[in-house]
4 protein chains.
Amino acid sequence: MEIIPYERKVFYYETDRMGIVHHSNYIRWMEEARIDYLKQIGLPYDAMEQDGILIPVLAAAAEYKKPFRFGDSFRIELRLVEFSGLKFGIEYEIYKRETEELCATGQTRHAFVDSRMMPVKLKKEYPQIYKGLMERLEKKDYT
Amino acid sequence: MEIIPYERKVFYYETDRMGIVHHSNYIRWMEEARIDYLKQIGLPYDAMEQDGILIPVLAAAAEYKKPFRFGDSFRIELRLVEFSGLKFGIEYEIYKRETEELCATGQTRHAFVDSRMMPVKLKKEYPQIYKGLMERLEKKDYT
Amino acid sequence: MEIIPYERKVFYYETDRMGIVHHSNYIRWMEEARIDYLKQIGLPYDAMEQDGILIPVLAAAAEYKKPFRFGDSFRIELRLVEFSGLKFGIEYEIYKRETEELCATGQTRHAFVDSRMMPVKLKKEYPQIYKGLMERLEKKDYT
Amino acid sequence: MEIIPYERKVFYYETDRMGIVHHSNYIRWMEEARIDYLKQIGLPYDAMEQDGILIPVLAAAAEYKKPFRFGDSFRIELRLVEFSGLKFGIEYEIYKRETEELCATGQTRHAFVDSRMMPVKLKKEYPQIYKGLMERLEKKDYT
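Conventions and cut-offs
- Residues numbered from 1 in each chain as written.
- Chains lettered and ligands numbered in written order.
- Predicted model: local features only at pLDDT ≥ 70, side-chain atom pairs only at ≥ 80, totals over all residues.
- Heavy atoms only, no water.
- Contact = heavy atoms within 4.5 Å.
- Buried area = accessible area lost by both parts, 1.4 Å probe.
- Salt bridge = Lys/Arg side-chain N within 4 Å of Asp/Glu carboxyl O.
- Polar contact = N/O pair within 3.5 Å; in protein donor to acceptor, adjacent residues only side chain to side chain.
- Helix = DSSP H or I, 4+ residues; strand = E, 2+ residues; numbered from the N terminus.
- Nonpolar A, V, L, I, M, F, W, Y, C, P; charged D, E, K, R; others polar.
- Pairing = 2+ DSSP bridges.
- Phe/Tyr/Trp six-rings, centres within 6.5 Å; stacked < 30°, edge-to-face > 60°.
- Lys NZ or Arg CZ within 6 Å of the ring centre and 35° of its normal.
- Buried < 20%, exposed > 50% of the residue type's maximum accessible area, 1.4 Å probe, protein only.
- Expected span 1.5 Å × (residues − 1).
- Arc of directions from axis to C-beta.

*Asks:* Would you explain the interface of chain D and chain A in this entry?
*Replies:* Each partner contributes to the interface: chain D provides 26 residues, whereas chain A provides 26 residues. The largest contributions to the chain D side of the interface with chain A come from D:M18, D:H23 and D:R28, which together make up 26% of the buried area. For the pair chain D and chain A, the number of links is 2 salt bridges. Between A:E49 and D:R17 there is a salt bridge, with its nearest N and O atoms 2.3 Å apart. Our count for the chain D to chain A interface comes out at 12 residue pairs in polar contact (both at pLDDT 80 or more). Top contributing element to the side of chain D that touches chain A by residue count: strand β2 (residues 57-64) of chain D, with 8 residues. Its residues assigned to classes, the side of chain D that touches chain A shows 15 nonpolar, 4 polar and 7 charged.

What follows is the structure, given as structure tokens:
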């Protein structure tokens with residue numbers, strides 16, 4: 001299955017007085033891309049929440065190489081780099097569509113919990129989700 | 001009881017590439033001021049939510065006269081202008097602290113609902129909240 | 001020329017603890033739709049800014065009829081309802097894509113200024129922009 | 001000089017449907033604390049921008065241990081951990097005021113540039129700013 005990268009235009013309100021996209025918005029872009037990715041691999045985020053799974057963020061980071069400005073569009077390619085059945089980790093590359101430059105990178109790490117914020121053992125309790133993620137870990141996306 | 005106006009500095013991330021605070025953030029400032037006001041009159045918002053009352057916004061509006069910039073602080077004076085036991089309305093005046101200029105005005109209108117989003121009859125079910133708001137309607141704040 | 005309405009999914013970070021999209025985000029959605037509309041009618045916002053025109057917001061309002069939740073998508077139809085060469089006004093209808101329900105309405109009003117925030121006389125100084133907007137005022141979009 | 005930690009209440013609009021503060025907002029809190037800190041040590045951010053210095057973010061990261069909810073307040077203690085005259089690095093500890101628990105940590109790294117985004121040699125061109133930051137590097141704040 002070929003994963004389609006996540007893309008959109010920069011929104012005006014995402015810029016700040018330095019004339020570039022505010023650095024906190026990249027963390028939000030990464031969430032948009034992550035949710036789109038999970039949907040593409042058959043694990044839509046809203047359905048998982050309805051099944052009682054929450055996916056809080058344990059850690060998030062971004063490295064800003066070149067700024068984005070209003071008028072630009074970005075494309076995010078991501079890959080699942082870690083998955084243990086309790087936690088998973090994703091790495092992101094954020095490209096400027098107009099120039100194909102790698103403008104930023106990022107990483108997030110997540111846990112699976114239930115509505116009381118207690119850990120969920122994915123392999124045992126949601127085997128289809130476990131399988132879906134384990135398969136992605138072994139694939140290479142965006143060849 | 002004297003109401004203390006709500007005040008704070010403009011945050012950097014609230015500005016946009018026009019060099020001024022993005023217009024959508026004034027709606028957020030009005031929420032901060034509203035929540036602070038409800039707390040001051042003895043009706044803290046988080047406690048009301050714990051009692052099963054939600055207060056969704058029915059309408060919100062702002063009129064932008066002079067811009068705010070990073071380095072400025074704002075002060076919001078608000079008054080309860082409408083209260084029916086089912087709905088209430090608030091008007092806001094947003095001043096620049098440094099110059100005392102009126103830079104923006106706003107209005108919001110709200111309903112009281114329960115967790116199923118059904119209307120709550122405040123007078124009957126939460127008489128103390130009803131009384132607290134009715135008293136404010138008749139007072140003049142910020143003489 | 002047929003105008004294509006602006007559409008996208010609700011983002012997770014746009015929701016709040018009431019489980020619905022926070023009311024301030026509708027003002028941001030209206031900006032996204034307005035900028036997309038201006039691009040479709042041949043007046044891209046970033047190009048106008050490069051030509052020295054800024055378009056600050058004079059007023060913004062929204063009326064919230066039914067909430068949006070994560071998992072929903074919205075569609076915005078807008079029309080130019082006022083244009084004087086110095087100011088223009090837009091009305092918005094925000095529909096839930098999944099059900100075609102009208103969930104919110106909005107209005108914004110704008111001025112044309114230069115980089116010193118002084119009014120720009122569009123008809124005289126940027127006749128092509130003036131003409132583009134005047135034509136839209138007379139058309140009916142989204143028949 | 002004793003540094004006063006940065007503190008405020010959680011805002012309602014900072015929460016998401018998981019009932020906790022959205023992880024992207026911690027990056028914004030760190031910016032608020034950083035700007036407050038720079039002001040306390042005599043290097044107010046808006047004044048530096050007026051002198052032609054911009055301070056873009058090179059990297060930002062956060063580790064989320066315990067969530068914040070509406071009704072909570074946070075306190076941020078930060079320390080300058082790196083300063084080379086061209087770049088500086090800050091570490092943040094984010095405590096819940098009500099319980100004194102360490103709920104999150106963070107790190108940011110920054111460069112000094114001019115309005116053309118070219119590096120500024122702080123020691124040579126702005127010796128007073130260089131001196132102010134070098135002094136903080138050697139001190140221990142929040143004993």
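*Asks:* Sorry, what's going on with the interface of chain B and chain C here?
*Replies:* Interfaces are often sized by the amount of accessible area the parts lose when they come together. With 26 residues of chain B at the interface, the matching set in chain C holds 26 residues. Here chain B and chain C share 2 salt bridges between them. For the interface between chain B and chain C, the tally reads 12 residue pairs in polar contact (both at pLDDT 80 or more). Considering each element in turn, the side of chain B that touches chain C owes the most residues, 8 residues, to strand β2 (residues 57-64) of chain B. Partitioning the side of chain B that touches chain C into residue classes produces 15 nonpolar, 4 polar and 7 charged. Bridge count for β2(B) against strand β2 (residues 57-64) of chain C is 5 bridges, and the pairing is antiparallel. Bridge pairing in β2(C) places B:E63 opposite C:A59.

*Asks:* Teacher, can you tell me more about the packing of aromatic side chains here?
*Replies:* The description of two aromatic rings rests on the distance between their centres and on the angle between their planes. Enumeration over the complete set of coordinates arrives at 56 aromatic pairs over all chains. Grouped by ring-pair contacts, the aromatic residues A:Y6, A:Y26, A:W29, A:Y64, A:F68 and A:F74 constitute a single cluster. Between the NZ or CZ atom of C:K96 and the centre of the ring of C:F68, over which it lies, the distance is 5.6 Å.

*Asks:* Please clarify how the pattern of salt bridges should be interpreted in this entry.
*Replies:* Summed over all chains, the structure comprises 48 salt bridges over all chains. Here C:D114 ties to C:R116 by a salt bridge, and the two come within 2.8 Å at their closest N and O atoms. According to the relative accessible area criterion, C:D114 is buried, its value standing at 15%. Between D:E82 and D:R109 there is a salt bridge, with its nearest N and O atoms 2.7 Å apart. Taken as a pair, D:E82 in strand β3 (residues 73-83) and D:R109 in strand β5 (residues 102-111) lie far apart in primary sequence, 27 residues in all. Using a relative accessible area of 25% as the deciding quantity, one classes D:E82 as partly exposed. Each of the salt bridges in this network shares a partner with another, and the network as a whole consists of A:R8, A:E14 and A:E32.

*Asks:* Explanation requested: helix α4 (residues 127-138) of chain D in the structure shown.
*Replies:* Along an α-helix, a turn takes 3.6 residues, which lines up residues three or four apart on a common side. Residue and element names in this part refer to chain D. Look at α4: 17 Å from first C-alpha to last across 12 residues, which is about the 16 Å you get at 1.5 Å a residue. Those residues of α4 not exposed but buried are I129, Y130, G132, L133 and R136. End-on view of α4: buried residues confined to an arc of 165 degrees, all on one side of the axis. Looking at α4, the residues exposed on the side facing more than 90 degrees away from the buried face are K131 and E138. Buried-residue contacts for α4 involve α1 (24-40), α2 (45-50), β3 and α3 (122-125).

*Asks:* Help me out: how do you make sense of the side chain of B:R8 in this one?
*Replies:* All names here are of chain B. Locating R8 in the fold gives a position in strand β1 (residues 6-9). By relative accessible area, R8 is classed as buried at 11%. Here E14 takes part through its side chain, which lies 2.7 Å from a polar atom of the side chain of R8.

*Asks:* What am I meant to see in the environment of A:V120 here?
*Replies:* All names here are of chain A. Mapped onto the fold, V120 is located in the loop between β5 (102-111) and α3 (122-125). Linking V120 and I55, residues 65 residues apart in sequence, is a C-alpha distance of 9.9 Å. Each residue touching V120, except ones within four places of it in the same chain, is listed here: G85, L86, F112, V113, D114, E125 and Y126.

The quantities given are spatial measurements derived from coordinates; they are silent on function.
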